[in-house]
Amino acid sequence: MSDSYPMSDEARESILAAMKLGLEAAKIKNKETYTPKKYRKGWCRCPHKPSVSWLGYIVLSVPLIEVRGFHQKIKRRHIIYLNDALSESEAQFVCAHELGHALLHNQINRLFLDSNTYFISREFEISADRFAVHLLHTDEEEEALTKVYQYTTAQISRMWGIPEALVEYRVNH
Ligand SMILES: [Zn+2]
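Predicted model, so just to flag it, every value in this text is computed and none were measured.

*Asks:* Please clarify how the overall build of the protein chain should be interpreted in this entry.
*Replies:* Scanning the protein chain for helices and strands turns up six helices and three strands. When the helices and strands of the protein chain are placed in sequence order, the string is α-β-β-β-α-α-α-α-α. Put simply, 62% of the contacts in the protein chain that link residues at least 6 apart link residues at least 24 apart.

*Asks:* Help me understand the pairing of strand β2 (residues 69-74) in this model?
*Replies:* Each regular strand carries side chains that alternate between the two faces of the sheet. Bridge analysis of β2 against strand β3 (residues 77-83) gives six bridges, and the strand direction is antiparallel. Within β3, the residue paired with K73 across the bridge is H78. Two successive antiparallel strands, β2 and β3, enclose a turn made up of two residues, where K75 displays a positive phi of approximately 50 degrees.

*Asks:* What is the right way to read the packing of helix α2 (residues 88-104) against helix α3 (residues 122-136) from this model?
*Replies:* The packing of two helices is summarised by the inter-axis angle and the distance between the axes. Contact geometry for α2 and α3: axes closest at 8 Å, N-to-C directions at 120 degrees. Comparing the axis directions of α2 and α3 gives the class oblique. Relative to α3, the crossing made by α2 is right-handed. Taking contact as the criterion, the partners of Q92, F93, A96, H97, G100, H101 and L104 in α2 are, on α3, F124, S127, A128, D129, F131, A132, L135 and L136. Looking at side-chain class alone, the contact of α2 with α3 contains nine nonpolar, five polar and one charged residues.

*Asks:* Quick question: what am I supposed to make of the sheet that holds β2 here?
*Replies:* Paired through their backbone hydrogen bonds, the strands of a sheet run either parallel or antiparallel. Taking strand neighbours across the sheet as the criterion, the three strands line up as β1-β3-β2 in an open arrangement whose pairing is mixed. The outermost strands of the open sheet, each flanked by one partner alone, are β1 (58-62) and β2. Sheet twist, expressed as the mean angle between neighbouring strand axes with direction ignored, is 25 degrees. Packing of helix α1 (residues 9-33) onto the sheet brings it into contact with β1, β2 and β3, and relative to β1 it is tilted by some 150 degrees. The strands touched by α2 within the sheet are β1, β2 and β3, with β3 carrying the most contacts at an inclination of about 150 degrees.

*Asks:* What am I meant to see in the nonpolar core here?
*Replies:* Burial of nonpolar side chains together is a common tendency in soluble globular proteins. Within the largest apolar cluster, 26 residues are counted, with the highest numbers of intra-cluster contacts made by I80, Y81, C95 and A132. Setting aside residues no more than four positions away along its own chain, A132 makes contact with F93, A96, H97 and G100.

*Asks:* Hey, could you run me through α2 in this one?
*Replies:* Residues spaced three or four apart along an α-helix point in a common direction, a consequence of the helix completing one turn every 3.6 residues. For α2, spanning 17 residues, the distance from its first C-alpha to its last is 24 Å, which sits close to the expected 24 Å at 1.5 Å a residue. Taken together, the buried positions of α2 are F93, V94, C95, A96, H97, E98, L99, G100, H101 and A102. The secondary structure elements touched by the buried residues of α2 are β1, β2, β3 and α3.

*Asks:* Before we go on, may I ask you to explain unusual backbone geometry in this structure?
*Replies:* For residues besides glycine, phi is generally negative; the peptide bonds are generally trans as well. Positive phi is not limited to glycine here, since E66 has a value of about 65 degrees. Its location among the elements puts E66 in the loop between β1 and β2. Backbone geometry places R76, a non-glycine residue, at a positive phi of 60 degrees. Within the secondary structure, R76 is located in the loop between β2 and β3. The exposure class assigned to R76 is exposed, which follows from the 10 C-beta atoms found within 10 Å.

*Asks:* Just checking my understanding: could you explain the environment of Y151 for this structure?
*Replies:* With respect to the helices and strands, Y151 occurs in the loop between α4 (139-148) and α5 (153-160). Residue Y151 is classed as partly exposed on the basis of its 16 C-beta neighbours within 10 Å. Contact partners of Y151, with chain neighbours within four places excluded, come to L145, T146 and I156.

Cut-off values and rules
Residues numbered from 1 in each chain as written. Predicted model: local features only at pLDDT ≥ 70, side-chain atom pairs only at ≥ 80, totals over all residues. Helix = DSSP H or I, 4+ residues; strand = E, 2+ residues; numbered from the N terminus. Contact = placed C-beta atoms within 7 Å. Pairing = 2+ DSSP bridges. Axes fitted to C-alpha atoms, helices over the stretch in contact; angles between N-to-C directions. Parallel < 35°, antiparallel > 145°, perpendicular 65-115°, else oblique. Left-handed = near helix turned anticlockwise from the far one by under 90°. Nonpolar A, V, L, I, M, F, W, Y, C, P; charged D, E, K, R; others polar. Core = buried A, V, L, I, M, F, W, Y, C linked by C-beta atoms within 7 Å. Buried ≥ 20, exposed ≤ 12 C-beta atoms within 10 Å, placed from the backbone. Expected span 1.5 Å × (residues − 1).

So far we have only geometry, and geometry alone does not tell us how the molecule works.
Take a look at the structure:
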């Protein structure tokens, strides 16, 4: 994994501990999925709940150090790990960003550890951010804020909790 990046032992340990939970979650999910429906307990598709679980992804909120989140595919399961110290809106953005990595960068055999301090690859981070901002904010919402309410990008940046440059990108695309 991130051998070439500066990372504390604590951060590394937090990632390994999270991955252990992820492996267990993947095993449980696979057992449910491959068990005939009539034998499943508490099985619910929850179609009204818009979330990445629609895709069969596992989202785990875990204690992580120096890392906001990451995506991993194990046992044919996609797992999105989110730092449990994130606020709800931060967690939502990081989750969408990780989904971007999962969908856009699935041919790249690399773990994208997302922190505020290290940039593994700007190119991949920018595309995951752009994916996330499109997923979370519709054209209608963007147009209402900029055209009807005439908010500035700085105001929207605070409202959405993301950098101004990313708001500018969303407004222009
Ligand atoms: Zn990333």
